[in-house]
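Listed below, chain by chain, are the residues.
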Amino acid sequence: MQITEHREGPILVIAVEGRLDHAGAGTFQEYTVKHINDGVRSMVVDFTGTTFVASMGIRAIIVPSQEMSRAGGRFGLTGLSPQLRQLFEISGLMKVFNTYPTLADAVADGVWV
Amino acid sequence: MPVETTLRLRNDFSALSALADATTNFLEEHQAGAEVVFAANLAIEELVTNIIKYGYDDEAAHEISVHLAKNADALHIRICDDGHEFNPFDQPEPDTSLPAEEREIGGLGIHFVRNMLDSCDYRREAGSNIVTVTKKL
């Protein structure tokens, strides 16, 4: 798994390439939570390049989502493959997460701070 | 044409990524679609992680085998380990209606396997746990 980041206006975009599995989950969670602790309040995770996500990966997405909500910021997800979307639906998380079809849709949302 | 392969690994988390690569390569070589590759990776990752984490009562090295068999209709995955008797499909379903922060995360992996695969079976035979899951093509 590889994580890269860039800015789109007020949003910090975190792109995940490869497998968000048992091995990658801890790294992803630490990476995103550290940014929130450092003051980032608008974050979108882009899964366009993500080939696989396991339950540990889902857990690692829940943690920064909760941290961001506690911090009063906004956390969004984009680039979900049909399989990843299915995992979120199975786990009842589609209604918990802010998801966008594309990064452009996320950027166009007027909610970012 | 039916194709099959057997992959073997030790009970160590560091062996998981080579197992994932071997699984993906085998399935892509044999023209499995993205949905099948994802489901196979999910079943193997969740079930083998559980075995490594909870399956053994000693600190010794153990072998886990993963058998993949693909024919025109389905992919069959059979996972064998010599850990203590444990049926992963005999566990309570997680309550996915609870808010995310109140959930028990433990059961989520098996919940995914049940939902993303078409059949899930367990048997105990000659001191081994044998889990078989099937994904229709």
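Here's a quick rundown of the structure. Only a predicted model underlies this, so the values are computations on that prediction, with no experimental measurement involved.

This part takes up the environment of glycine 109 of chain B. Tracing the sequence through the fold places glycine 109 of chain B in helix H3 (residues 108-116). Separated by 15 residues in sequence, glycine 109 of chain B and proline 94 of chain B have C-alpha atoms that sit 9.8 Å apart. Contacts of glycine 109 of chain B, omitting those with residues within four sequence positions, involve Ala54 and Ser55 of chain A together with Glu46, Thr49 and Asn50 of chain B.

Let's shift gears to the sheet that holds strand S1 (residues 3-10) of chain B. All names here are of chain B. Within the open sheet, the five strands sit side by side as S1-S2-S3-S5-S4. Their pairing is antiparallel. The open sheet has two edge strands, S1 and strand S4 (119-125), and neither has a second partner. Neighbour to neighbour, the strand axes of the sheet diverge by 15° on average, direction disregarded. With eight bridges joining them, strand S3 (residues 74-81) and strand S5 (residues 128-136) adopt antiparallel strand pairing. Residue leucine 75 lies in a different strand from S5, and its bridge partner there is lysine 135. On the sheet, helix H1 (residues 16-29) packs against S1 and strand S2 (63-70) and is oriented at approximately 175° with respect to S1. Along the sheet, helix H2 (residues 34-54) contacts S2, S3 and S5; its crossing angle with S3, the most-contacted strand, is approximately 10°.

Let us look at the nonpolar core. The tendency in soluble globular proteins is for nonpolar side chains to be buried as a group. All names here are of chain B. Membership of the largest hydrophobic core comes to 56 residues, with the highest contact counts inside it found for Ala43 and Ile77. Looking at this core element by element, the count peaks at eleven residues for H2. Aside from chain neighbours lying at most four places away, what touches isoleucine 77 is Ala40, Ala43, Ile44, Val66, Leu68 and Val133.

Attention now goes to unusual backbone geometry. Residue and element names in this part refer to chain B. In this structure, glutamine 31 is a non-glycine residue whose phi angle is positive, near 60°. Considering the arrangement of structural elements, one finds glutamine 31 in the loop between H1 and H2. The exposure class assigned to glutamine 31 is exposed, which follows from the 10 C-beta atoms found within 10 Å. Positioned with a positive phi, alanine 126 is a non-glycine residue whose angle comes to about 45°. Its 6 C-beta neighbours within 10 Å are what place alanine 126 among the exposed residues.

Rules used in this analysis
- Along each chain, residue indices are assigned from 1 in the same order as the chain's sequence is written.
- The lettering of chains begins at A and the numbering of ligands begins at 1, in the order of writing.
- Given that the model is predicted, a residue must reach a pLDDT of at least 70 before its local features are reported, and side-chain atom pairs must reach 80 or more before they are shown or counted; all residues, however, enter totals for whole chains, interfaces and linings.
- The helix count covers DSSP runs of H or I at least four residues long, the strand count covers runs of E at least two residues long, and both are numbered beginning at the N terminus.
- Any pair of residues counts as being in contact when their C-beta atoms, constructed from backbone geometry, are within 7 Å of one another.
- Strand pairing follows a simple DSSP-based rule, namely that at least 2 bridges must link the two strands.
- Orientation is described by lines fitted to C-alpha atoms, with helices fitted over the stretch in contact, and by angles between N-to-C directions that extend from 0 to 180 degrees.
- We define the nonpolar core as any set of buried residues of the types Ala, Val, Leu, Ile, Met, Phe, Trp, Tyr and Cys, connected via C-beta atoms lying within 7 Å of each other.
- Any residue whose C-beta has 12 or fewer other C-beta atoms within 10 Å is treated as exposed, any with 20 or more as buried, and any in between as partly exposed, C-beta atoms being built from the backbone.

Such coordinate-based values are descriptive only and should not be taken to indicate function.
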